[in-house]
Structure formats: C-alpha cells, structure tokens
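# Overview (structure and organization)
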Amino acid sequence: FLDNHDLPRIYSRCKEDKVKVYQALTLLFSIQGIPMLSYGTESWTTGNSEPENRASFDWDSIDQNLRSTIKTLAMFRKEHPVLEKGTAQIVRYTAKQLVIEQFWNGFLSYTILNLSEQNVPFTPPSNASFISGLEQRDGHLSSKKEFLFPPKTISILIYQGTRAPNPKKTMT
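Below or above, wherever it landed, is the structure these notes cover.

Conventions used here
Residues numbered from 1 in each chain as written. Predicted model: local features only at pLDDT ≥ 70, side-chain atom pairs only at ≥ 80, totals over all residues. Heavy atoms only, no water. Axes fitted to C-alpha atoms, helices over the stretch in contact; angles between N-to-C directions. Helix = DSSP H or I, 4+ residues; strand = E, 2+ residues; numbered from the N terminus. Parallel < 35°, antiparallel > 145°, perpendicular 65-115°, else oblique. Left-handed = near helix turned anticlockwise from the far one by under 90°. Contact = heavy atoms within 4.5 Å. Nonpolar A, V, L, I, M, F, W, Y, C, P; charged D, E, K, R; others polar. Phe/Tyr/Trp six-rings, centres within 6.5 Å; stacked < 30°, edge-to-face > 60°. Buried < 20%, exposed > 50% of the residue type's maximum accessible area, 1.4 Å probe, protein only. Lys NZ or Arg CZ within 6 Å of the ring centre and 35° of its normal. Pairing = 2+ DSSP bridges.

### Side note on the packing of helix 2 (residues 18-30) against helix 3 (residues 64-79)
At a minimum axis separation of 9 Å, helix 2 and helix 3 run at an interaxial angle of 20°. Considered as vectors, helix 2 and helix 3 are oriented roughly parallel to each other. In the packing of helix 2 onto helix 3, the handedness of the crossing is right-handed. Of the residues in helix 3, those in contact with Tyr-22, Leu-25, Thr-26, Leu-28, Phe-29 and Ser-30 of helix 2 are Asn-65, Leu-66, Thr-69, Ile-70, Leu-73, Ala-74 and Arg-77. Broken down by class, the residue content of the contact of helix 2 with helix 3 amounts to eight nonpolar, four polar and one charged.

### Here's the deal with the packing of aromatic side chains
Throughout the structure, instances matching the rule amount to seven aromatic pairs. Both rings, one in Tyr-22 and one in Trp-44, keep their centres 5.7 Å apart while their planes meet at 65°; by these two values the pair is edge-to-face. Of the two residues, Tyr-22 is situated in helix 2 and Trp-44 in the loop between helix 2 and helix 3; the sequence distance between them amounts to 22 residues. In this pair, the class of Tyr-22 matches that of Trp-44, namely buried. A centroid spacing of 5.9 Å and a plane angle of 90° characterise the contact between Phe-130 and Phe-147, whose relative ring orientation is edge-to-face. Of the two residues, Phe-130 sits in strand 5 (residues 128-137) while Phe-147 sits in the loop between strand 6 (140-143) and strand 7 (148-149), which places them 17 residues apart along the sequence. Grouped by ring-pair contacts, the aromatic residues Tyr-110, Phe-122, Phe-130, Phe-147, Phe-149 and Tyr-159 constitute a single cluster. The ring of Tyr-39 has Arg-9 sitting right over it, with the charged end atom 5.2 Å from the ring centre. In this arrangement the basic side chain of Lys-144 is found over the ring face of Phe-149, its NZ or CZ atom lying 4.5 Å from the centre.

### A word on the pairing of strand 5
Where strand 5 meets strand 8 (residues 153-161), nine bridges bridge the pair, whose relative direction is antiparallel. Pairing of Phe-130 across the sheet is with Tyr-159, part of strand 8. Across four bridges, the pairing between strand 5 and strand 6 is antiparallel. Looking at the pairing, Gln-136 lines up with Leu-141 of strand 6. Connecting strand 5 to the antiparallel partner strand 6 that follows it, the hairpin turn spans two residues, and Asp-138 within it adopts a positive phi of roughly 55°.

Scope: geometric values only; no functional claims are made or implied.
Set out below in structure tokens:
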C-alpha cells in the first residue's frame, strides 16, 4: 500500500505533486502482491498526521482521470498475471532509474521508472516477444510500444519468453 489511515496520505507524501502520485500508483499495480488503496486516494485527499489523514470522504471531489487510471491499471494487471505472481528482481537501481523484472509461467514484465532528465533506451530480451505495454507520463496513461523511455515516466512492458541470460544488461 502507498498509505493507510495510520500513515500520511500519498498525496501529502508526494508534496501534492499529482505526477508523483500517478507514478507511485503505476508502480504499485506493476509489482507482485495485492495493490491496496485507501479511501480518498481517488479524490486527492491530503493529511500528514491524525486526524487530518482520516478526513471524511468527499464524494463530490473524485477525480475521474485518476479513477480511470486506477481502473486501467487494475485491468492491465488482471490481463497479465505476471504482474501479480511474478518472481521479481531489481535489474537496475540508481538515484534516477529503477528497473524491476518479473518472471512467471513463461511471461516477463519490466517496470521501468525514469526520473532523469534524459531519454533512457531499453534493450528488450532477444528471447522474448513483446505483448503489451503502458506508459505513465505527466498523469496520462497510454499504450507503450517503443523502447525509449522519456524523462519523468514509468512504463510497464509485458513479454512472452524466458529471462535474459544477464538481465542487468537490458539498460544502457
């Protein structure tokens, strides 16, 4: 989970930066386990401590774009069980980049977070076939088909095949 009733709300933790919240949600739905959302996430509820992090739900302030993004991420996750069940390993980790590879039942997923100011190329595994992908950029979710990752994005790529012999070589 990104937050709960005992912790600061994710929107507050991200200093009310909506793009960071969208990135966090994309990461949450792309990795193994059950994604848990607290009420109020879909309406940008704030709160750093009690009682403000337990505010009443404002039914009139639901952000339909955020709600739609959460729904799309949930459906993408359901379509690709490797996101829920895959065995994960961190392929790359720097202050500005994170790549997580998951493998399950002949399927691979790559979650690629690029917080740098530069495009980052990705070399897909040669022994796997691309199936589908999503990219979260500036709070907008779209399909992903290319292997160049713009600044400030997070993407999820799905493949059918086997793991690369040395997955740490997938990014330059």
